[in-house]
Amino acid sequence: MARRWTNNLTLADATPQAAFWNRRRIMAGLAGSGLAAALGSQAQAELALAEQAGADQALEPNTWEEVTSYCNFYEFGTGKGDPSEYAGRMTTDPWSVAIDGMVDKPGEYSFEQILGEMTLEERIYRFRCVEAWSMVVPWQGFELADLLTLAGVQEGAKYVAFETLYRPSEMPGTAYKVLDWPYREGLRLDEAMHPLTIMATGVFGQPLPNQNGAPLRLVVPWKYGFKSIKSVVRITLTDQEPPTSWNMANPREYGFYSNVNPDVSHPRWSQASERRIGGGLFARRQPTLMFNGYEAEVAALYEGMDLSEYF
Ligand SMILES: Nc1nc2c(c(=O)[nH]1)N[C@H]1C(S)=C(S)[C@@H](COP(=O)(O)O)O[C@H]1N2
Ligand SMILES: [Mo]
């Protein structure tokens, strides 16, 4: 079976405590190998991790140019080049994320405060994002599970809702009601706690450019690109399935789950194959993989669900 990525975590590890301690074990293992000591800086350590991560996958990353100039961020316009042209005017410092709803420690968490907890454990992930396009992006970031654990998820919480910054003075695209602002997304709690689900803070070992969702954005490798909400300012734990922007805009075409699935066609086009961005206009289309190639890691989350109903 085609696979993108493996790790030593299992679904049973995807609980707040276990995910936390497992990650420490990974870092401790690295330190023990002498690799961490040999490298001078965090940045070098991250790059070394990126190389390791890349080594067991035959995936060539897209270029910096492709990743940062061909973007979707409708708050800055609907053209692929609009985000790189206009997102520079978004103020990302200071930045804070409100974490509220069913958590023990609700409040405003500054970006520095969050990173302060996460920096030592930052890890690089390399995987692809698929959409009407597909790209291989070497993200760095931390597991969303770790952030949720910091806030303390309460018993009974079932979903996580996310909101993007809504600041019309810096976001020319919000003058148009193409979506109901602020941009909103959501995950089921078990999806959010999965170790593949990360809050990305950078690409290619650099801080995230604004057009890619600075200073932190969600990345869910087995779902379509629009689930990966950018420039997050609110995270709410809830027991209700939260509304999501694309589902509100067009419920027939965009469901809550939005799992990459070659067997469930979009009403207006097949999703059985895709084309890599940067491969050239005549690049061969490749078959879309179930759950974008992460079937072994995530299929169990959806056991017993009819995925054509929960699309
Ligand atoms: N706030 C916000 N987040 C967003 C979007 C958006 O318009 N606004 N677009 C989504 C879509 S449709 C895609 S494909 C990805 C693109 O991410 P990238 O530009 O970093 O490749 O961001 C997603 N996150
Ligand atoms: Mo997208």
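Residues numbered from 1 in each chain as written. Chains lettered and ligands numbered in written order. Predicted model: local features only at pLDDT ≥ 70, side-chain atom pairs only at ≥ 80, totals over all residues. Heavy atoms only, no water.

Engineer: Residues and numbers for the nonpolar core, please.
Structural biologist: Nonpolar side chains in soluble globular proteins tend to end up buried together. With 73 residues, the main nonpolar core has W139, L148, F162, W222, I235 and L237 as its most contacted residues. For F162, the residues in contact, after removing those within four places along its chain, are L144, Y183, R184, E185, G186, L187, L218, I229, V232, R234 and I235. (Core = buried A, V, L, I, M, F, W, Y, C linked by side-chain atoms within 4.5 Å. Buried < 20%, exposed > 50% of the residue type's maximum accessible area, 1.4 Å probe, protein only. Contact = heavy atoms within 4.5 Å.)

Engineer: Tell me about the UniProt feature "binding site: Mo-molybdopterin" (unreviewed entry) in the protein chain, and name the residues and values.
Structural biologist: As annotated in UniProt, the feature "binding site: Mo-molybdopterin" (unreviewed entry) corresponds to Y74, E75, C129, T164, N212, R217, S228, I229 and K230 in the numbering used here. With respect to the helices and strands, T164 occurs in strand β5 (residues 159-164). When sequence neighbours within four positions are dropped, the list of residues in contact with T164 reads F73, E75, P182, Y183, I229, K230, S231, V232 and V233. By secondary structure assignment, the location of N212 is in the loop between β8 (206-207) and β9 (217-219). Judged by its relative accessible area of 4%, N212 falls in the buried class. In contact with N212, other than residues within four places in its own chain, are V67, T68, C71, R217 and K230. A polar atom in the side chain of N212 sits 2.9 Å from the backbone oxygen of V67. (UniProt positions renumbered as here; feature names shortened; annotations may be inferred. Helix = DSSP H or I, 4+ residues; strand = E, 2+ residues; numbered from the N terminus. Polar contact = N/O pair within 3.5 Å; in protein donor to acceptor, adjacent residues only side chain to side chain.)

Engineer: Can you break down the site of ligand 1 residue by residue, with the values?
Structural biologist: Lining the immediate surroundings of ligand 1 are 16 residues, of which Y74, E75, T164, S228 and K230 lie closest. One of the side-chain nitrogen or oxygen atoms of T164 is found 2.8 Å away from a nitrogen atom of ligand 1. Note that an oxygen atom of ligand 1 is positioned 3.0 Å from one of the side-chain N or O atoms of R217. Considered on its own, ligand 1 offers 540 Å² of accessible surface; in the complex 96% of this is hidden by protein. Residue composition of the shell around ligand 1, by class: seven nonpolar, five polar and four charged. (Near = heavy atom within 4 Å. Areas by Shrake-Rupley, 256 points an atom, 1.4 Å probe, with all protein chains shown as cover. Nonpolar A, V, L, I, M, F, W, Y, C, P; charged D, E, K, R; others polar.)

Engineer: Now, about the pairing of strand β10 (residues 232-238): what can you tell me, with residues and values included?
Structural biologist: Where strand β1 (residues 96-101) lies against β10, four bridges are found, and the strand directions are parallel. Across the sheet, residue I99 finds its bridge partner in β10, namely I235. Sheet topology places β5 next to β10; six bridges connect them, and they run antiparallel. Bridging from a neighbouring strand, E163 pairs with R234 of β10. (Pairing = 2+ DSSP bridges.)

Engineer: So what's going on with the pairing of strand β2 (residues 107-110)? Residues and values would help.
Structural biologist: Relative to β2, β1 runs antiparallel, the two being bridged by four bridges. Residue pairing in the sheet places A98 in a bridge with E108 of β2. The hairpin turn running from β1 into β2, its antiparallel successor, is five residues long.

Engineer: Which residues make up the sheet that holds β1, and what values do they have?
Structural biologist: Where strands meet in a sheet, backbone hydrogen bonds hold them as pairs that are either parallel or antiparallel. Reading across from one edge, β2-β1-β10-β5-β6 is the order of the five strands in this open sheet, with mixed pairing throughout. Looking along the sheet, the strands with just one partner apiece sit at the ends: β2 and β6 (184-188). Along the sheet, successive strands turn relative to each other by an average axial angle of 20 degrees, direction set aside. The strands touched by helix α6 (residues 111-118) within the sheet are β1 and β2, with β2 carrying the most contacts at an inclination of about 70 degrees. Across the sheet, helix α7 (residues 144-151) touches β1, β2, β5, β6 and β10, and the angle it forms with β10 is around 70 degrees. (Axes fitted to C-alpha atoms, helices over the stretch in contact; angles between N-to-C directions.)

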